[in-house]
Amino acid sequence: MPHSPAEKKRSLTRVRRVRGQCDALERAIEAGTECGEVLQQIAAIRGAINGLMAEVMEAHLREQFGTGGSPEDASTRIQDTIGLVRSYLK
């Protein structure tokens, strides 16, 4: 998770943007908006979520691999990160 105040602010801004996009999507569906426009909003939300995921993942990777440690610790961190990436790609 982002730890610096600037990283937290950036992440929270992204989350709020996603929330706004989801609210707009809900209104569009309730209003019976054309499928093409709804799909476009869904794609925008997916892009925003992917951007947030990439930002948090980058912070996580920097945190995990920016420090020293024993080879055993590095191996464990690598396996944990592989699991994280695999769950993200599902």
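Note that the coordinates shown come from a computational prediction; the quantities given were computed from them, not determined experimentally.

### Brief notes about the nonpolar core
No. 1: Counting six residues, the largest nonpolar core is built from Val18, Leu25, Ala28, Val38, Ile45 and Ala48.
No. 2: Only helix 1 (5–31) and helix 2 (35–65) provide two or more residues apiece to this core.
No. 3: Residues in contact with Leu25, not counting those within four places in the same chain, are Val38, Gln41, Ile42 and Ile45.

### Re helix 1
No. 1: Over its 27 residues, helix 1 runs 39 Å from end to end, which matches the ideal 39 Å to within 8%, given 1.5 Å per residue.
No. 2: Of all the positions in helix 1, only Ser11, Val18, Leu25 and Ala28 are classed as buried.
No. 3: Buried residues in helix 1 make contact with helix 2.
No. 4: Where helix 1 terminates, the next one or two residues include Gly32, which has phi positive at roughly 75°.

### A closer look at the packing of helix 1 against helix 2
No. 1: Close contact between helix 1 and helix 2 brings their axes to 10 Å; oriented N to C, the two are set at 165°. Relative to helix 2, helix 1 is oriented roughly antiparallel. For the pair helix 1 and helix 2, the sense of crossing is left-handed. Each of Glu7, Arg10, Ser11, Arg14, Val15, Val18, Gln21, Cys22, Ala24, Leu25, Ala28 and Ile29 in helix 1 lies in contact with helix 2, whose residues at this interface are Val38, Gln41, Ile42, Ala44, Ile45, Ala48, Ile49, Gly51, Leu52, Glu55 and Val56.
No. 2: Taken together, the residues of the contact of helix 1 with helix 2 sort by class into 15 nonpolar, four polar and four charged.

What counts, and at which threshold
Every chain begins its residue count from 1, and numbering advances along the sequence as written. Local features in this predicted model are restricted to residues whose pLDDT is 70 or higher, and side-chain atom pairs enter the listing and the counts only when it is 80 or higher, whereas totals over whole chains, interfaces and linings include all residues. Side-chain metrics rest on all non-hydrogen atoms present in the structure, leaving aside hydrogens and water. Grouping buried Ala, Val, Leu, Ile, Met, Phe, Trp, Tyr and Cys residues that are joined through side-chain atoms within 4.5 Å yields what is termed a nonpolar core. Partly exposed residues are those whose accessible area sits between 20% and 50% of the maximum for their type, while under 20% is buried and over 50% is exposed, using a 1.4 Å probe and protein chains only. Here a helix means four or more residues in a row that DSSP labels H or I, a strand means two or more in a row labelled E, and each is numbered from the N terminus. Any pair of residues with heavy atoms lying within 4.5 Å of one another is described as a contacting pair. An expected span of 1.5 Å times one less than the residue number is assigned to each helix. Orientation is described by lines fitted to C-alpha atoms, with helices fitted over the stretch in contact, and by angles between N-to-C directions that extend from 0 to 180 degrees. Between 65 and 115 degrees an angle is taken as roughly perpendicular, under 35 as roughly parallel, over 145 as roughly antiparallel, and anywhere else as oblique. Helix crossings get a hand from a simple test, with the near helix turned counterclockwise from the far one by less than a right angle marking a left-handed crossing and a clockwise turn marking a right-handed one. Note that Gly is not counted as nonpolar here; it falls among the polar residues with everything else outside the nonpolar set of Ala, Val, Leu, Ile, Met, Phe, Trp, Tyr, Cys and Pro and the charged set of Asp, Glu, Lys and Arg.

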